[in-house]
Amino acid sequence: MTQGTKDIEALIDLLSRLPGLGPRSARRAVLHLIKKRSLHLIPLAEALTRVGATARECLNCGNIGTTDICDICTSDKRANGQICVVEDVADLWAMERSQQFKGRYHVLGGTLSALDAVGPDELRIPRLIDRIAGENVSEVILALGATIDGQTTAHYIADQLPGVTVTSLAQGVPVGGELDYLDDGTITAALKARRSL
Amino acid sequence: MSGLYLESLTLSHFRSHRRAKLDLDGRPVAIHGPNGAGKTNLIEAVSLLSPGRGLRRAATDDLTRRPEGVGWKVTAILHSLHQVHEVETWAEAGTARQVRIDSKTATQTALGRIGRVLWLVPSMDRLWIEGADGRRRFLDRATLSFEPGHADAVLTYEKAMRERNRLLKDMVRDAHWYAALESQMADAGAAIQANRLATVGHLMQAQAEGETTFPVATLELTQPEADLPDGTEALKAAFAESRPRDLAAGRTLIGPHRSDLSAVFAAKGVPAADCSTGEQKALLISLILANARGLAQDFGAPPILLLDEVAAHLDAGRRAALYDEICALGAQAWMTGTGPELFADLGERAQILEVTEASGTSILAPKK
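(A) Quick peek at the overall build of chain A. Counting its regular elements, chain A contains eight helices and six strands. Taken from N to C terminus, the helices and strands of chain A fall in the order α-α-α-β-β-α-β-α-β-α-β-α-β-α. A compact globule built from 197 residues should have a C-alpha radius of gyration of about 16 Å, whereas chain A, at 21 Å, is more than 25% larger. Every one of the 197 residues in chain A was classed for burial, and the buried ones make up 33%. In chain A, of all internal contacts separated by at least 6 residues, the share reaching a separation of at least 24 is 46%. Carbon and sulfur atoms make up 55% of the accessible area of chain A, which totals about 12,600 Å². Charge-centre separation for chain A: the mean point of 21 positive side chains lies 10 Å from the mean point of 24 negative side chains.

Structural data, given as structure tokens:
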């Protein structure tokens, strides 16, 4: 095997370790990149180098950006008194895609799990408590998963924040969803959270 | 016929069965054959058509046929009231058990919603004299038959309790963390307690109303110490109050995970644990039959019953009475025994099946 082939194999191997990709899709991606060298490969390599040099976690909220404090935290427009607490940056991006939330975020970086030795200090919870006092926060929206660990974390945070309105995202029927396809737990949650029309 | 029964059962690489297919008509199924032929394996496969690990509580990988070890599959056509479902459950080597109902991926809890399966196996003969663990499991299986959502409450409670126990063992003193876990334990725990109490009520009522030759058991849900507080808030407060003691012990000392089911042989006023072996077995059969009668009213059909080696411990009179009660209920009861003579009283009322074994493979021979 020549060095060139080895490098390509190494690239395929690296890509195949990424979430959502396997060896087969990694091979297809690498072949495509090589065929479209100037259109995709070179810009991708440059972008990777740039992001590799500058990407970091926001010191305030845990979001990922290229500066010490992310764009959302520095924007005055986002200082509306609301902080949305999410488990991971992927959840923050999902919230941003909706374009409905105009406040700031706090990324915990996981959920409480005694069995996995993940405690409050590993989760930026102390930093959240500091922010409540420092940023004139009136409402904390807990957008955490409906899992046992997610709900334990939600209870824990709510318990730590007296004097602030703490809300959580509603659980129930998804937009465009049909009742027939929902599991019983979701229907129960939706029924409990019903509202007047 | 309507009701709850399997119309067919197919096993593939399941324990001693390489491939087996049974066509059934809703009558009780009597399976006879020598020891080790694979009779219990057959009814274990049926038990996996309900949530959980089946009647042997086996690990998924242990169910696969050796030496191939390629994974196993159980498929059944299940008549449930007026619906017919195709149920598939399987596991490939080293993977978790999966379920499909009518060609759609489903949870194990969903199995509990379309069908009801109850069992009595020889290892339960010591139920009344061994630890509370087995009796809680017995009660929870009965509870699950009346309230399929009980499984979710138990899983939530146990997960939250494992987390809390870790905090206790690690001597963590973060009160907020405990409160967060106790809140979930209290929610699930109150539901568990209410479901179990309702089940004890169902069983007592079914025993009182039923015409049976088996003895009546007076049941009670008990706690090792004081009674369990009633309701979510009271339970939450009790967990908080118990924290110092729990910290010293390194585990949670109160809660529904410590409940026990006590039974008294009503006619004699003697606790089940002090009864003779035969009486203890009769009490268990009585409860299973009461559960079945209760379900026939509550669910609309008696459950599928799996009675492993049930005939062996009963005298001829009690055996005949059991068969009569099962037939009167209209339940598809799967019964195993070593010889066909044990099922002679059933006559044409049951499908008879012989299981033999050759070179490590079970062979089924239905008797027409």
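From this point, things continue past the structure.
(B) Representation of the overall build of chain B. A tally of helices and strands in chain B yields eight helices and 15 strands. Scaling as 2.2 N^0.38, a compact globule of 368 residues should have a C-alpha radius of gyration of about 21 Å, and chain B matches this with 21 Å. With respect to the principal axes defined by its C-alpha atoms, chain B has extents near 65 × 50 × 40 Å. In chain B, buried positions account for 57% of the 368 residues. Put simply, of all contacts in chain B between residues at least 6 apart along the chain, 70% involve residues at least 24 apart. Across chain B, the 42 positively charged side chains and the 46 negatively charged ones have centroids separated by 5 Å.

(C) Representation of the pairing of strand β3 (residues 82-86) of chain A. Residues and elements named next belong to chain A. Among the five residues of β3, four are classified as buried, and the element is accordingly described as predominantly covered. As judged from the five bridges shared by β3 and strand β5 (residues 139-143), these two strands associate in the parallel manner. When the sheet's bridge partners are listed, Gln82 is paired in β5 with Glu139. Sheet topology note: the β3/strand β4 (residues 104-107) ladder contains four bridges and is parallel. In the strand pairing of β4, Ile83 is matched with Arg104. Each parallel crossover has a hand, and for β3 linked through helix α5 (residues 89-98) to β4 it is right-handed.

(D) Local environment of the sheet that holds strand β4 (residues 72-81) of chain B. Residues and elements named next belong to chain B. Strand order in this open sheet of six strands is β2-β1-β4-β5-β6-β7, and the pairing throughout is antiparallel. Single-partner strands in this sheet number two, and they are β2 (17-23) and β7 (104-106). Averaged over all pairs of adjacent strands, the angle between strand axes in this sheet comes to 25°, irrespective of strand direction. By the bridge criterion, six bridges tie strand β1 (residues 3-14) to β2 in an arrangement that is antiparallel. By the bridge assignment, Leu11 is partnered in β2 with Ala20. Packed onto the sheet, helix α1 (residues 39-47) meets β1, β2 and β4 and runs at close to 115° relative to β1.

(E) Examining the domain arrangement of chain B more closely. Residue and element names in this part refer to chain B. Segmenting chain B into domains produces domain 1 (1-114 + 339-368) and domain 2 (128-276). Here domain 1 and domain 2 have C-alpha centroids that lie 31 Å from each other. The partner domain 2 presents six residues to the six residues of domain 1 that form the contact. Roughly 530 Å² is buried in total at the junction of domain 1 and domain 2, and carbon and sulfur atoms are behind 45% of that figure. At the junction of domain 1 and domain 2, the tally comes to zero salt bridges. Our enumeration of links across domain 1 and domain 2 arrives at two residue pairs in polar contact (both at pLDDT 80 or more). Looking at side-chain class alone, the side of domain 1 that touches domain 2 contains one nonpolar, three polar and two charged residues.

(F) Quick look at the domain arrangement of chain A. Taken as a whole, chain A is organised into domain 1 (3-54) and domain 2 (79-168). The C-alpha-based centres of domain 1 of chain A and domain 2 of chain A are spaced at 35 Å.

(G) Up close: the nonpolar core. All names here are of chain B. Core analysis: the largest hydrophobic core is formed by 86 residues, its most contacted members being Leu6, Leu9 and Trp334. Examining the composition of this core, we find that nine residues originate from one element, helix α7 (residues 277-298), more than from any other. Lining this core are residues from two domains, each supplying at least three of them: domain 1 (1-114 + 339-368) and domain 2 (128-276). Look past the residues within four positions of Leu6 in its chain and what remains in contact with it is Leu24, Val46, Leu49, Ala76, Ile77, Leu78, Ile304, Gln332 and Trp334.

(H) Representation of a nonpolar patch on the surface in the model. On the surface, Val173, Leu179 and Ile187 of chain A cluster together to form a nonpolar patch covering roughly 250 Å² of accessible area. Mapped onto the elements of the fold, Ile187 of chain A is located in helix α8 (residues 184-192).

(I) Highlighting the environment of Glu182 of chain B. All names here are of chain B. By secondary structure assignment, the location of Glu182 is in helix α5 (residues 175-209). Sequence spacing of Glu182 and Asn195 is 13 residues, and the spatial spacing of their C-alpha atoms is 19 Å. If near-sequence neighbours (up to four positions away) are discounted, Glu182 is found in contact with Arg164, Lys236, Phe239, Ala240 and Arg243.

(J) Broad picture of the packing of aromatic side chains. Residue and element names in this part refer to chain B. Enumeration according to the criterion identifies three aromatic pairs over all chains in this entry. Measuring from centroid to centroid gives 6.3 Å for Tyr323 and Phe343, while their planes differ by 35°, and the two rings are tilted. Residue Tyr323 is found in helix α8 (residues 316-329), and its partner Phe343 is found in the loop between β13 (333-337) and β14 (351-358); the two are separated by 20 residues along the sequence. The pair formed by Tyr323 and Phe343 is uniform in burial state, with each residue classed as buried. Over the ring of Trp90 we find Lys73, and its NZ or CZ is 5.5 Å from the ring centre. A cation over a ring is seen here: Lys268 above Phe265, with NZ or CZ 5.3 Å from the ring centre.

(K) Focus on the packing of helix α7 (residues 148-160) of chain A against α5 of chain B. Running from amino to carboxyl end, α7 of chain A crosses α5 of chain B at an angle of 130°, the nearest separation of the two axes being 8 Å. When the interaxial angle is binned, α7 of chain A and α5 of chain B end up oblique. Here α7 of chain A and α5 of chain B pass one another in a crossing that is right-handed. Only His176, Trp177, Ala179, Ala180, Leu181, Ser183 and Gln184 of chain B of α5 of chain B make contact with α7 of chain A, whose side of the interface consists of Ile148, Gln151, Thr152, His155, Tyr156, Asp159 and Gln160 of chain A. Of the residues belonging to the contact of α7 of chain A with α5 of chain B, the class tally is six nonpolar, seven polar and one charged.

Conventions adopted
Residues numbered from 1 in each chain as written. Chains lettered and ligands numbered in written order. Predicted model: local features only at pLDDT ≥ 70, side-chain atom pairs only at ≥ 80, totals over all residues. Heavy atoms only, no water. Helix = DSSP H or I, 4+ residues; strand = E, 2+ residues; numbered from the N terminus. Rg over C-alpha atoms; globule rule 2.2 N^0.38 Å. Buried < 20%, exposed > 50% of the residue type's maximum accessible area, 1.4 Å probe, protein only. Contact = heavy atoms within 4.5 Å. Areas by Shrake-Rupley, 256 points an atom, 1.4 Å probe, with all protein chains shown as cover. Lys, Arg positive; Asp, Glu negative; His and termini not counted. Charge placed at Lys NZ, Arg CZ, Asp CG, Glu CD. Pairing = 2+ DSSP bridges. Right-handed = clockwise from strand over helix to strand, strands pointing away. Axes fitted to C-alpha atoms, helices over the stretch in contact; angles between N-to-C directions. Domains from an automatic or database assignment. Buried area = accessible area lost by both parts, 1.4 Å probe. Salt bridge = Lys/Arg side-chain N within 4 Å of Asp/Glu carboxyl O. Polar contact = N/O pair within 3.5 Å; in protein donor to acceptor, adjacent residues only side chain to side chain. Nonpolar A, V, L, I, M, F, W, Y, C, P; charged D, E, K, R; others polar. Core = buried A, V, L, I, M, F, W, Y, C linked by side-chain atoms within 4.5 Å. Patch = residues over 30% accessible without salt bridge, like charges linked within 9 Å, V, L, I, M, F, W, Y side chains within 5 Å. Phe/Tyr/Trp six-rings, centres within 6.5 Å; stacked < 30°, edge-to-face > 60°. Lys NZ or Arg CZ within 6 Å of the ring centre and 35° of its normal. Parallel < 35°, antiparallel > 145°, perpendicular 65-115°, else oblique. Left-handed = near helix turned anticlockwise from the far one by under 90°.

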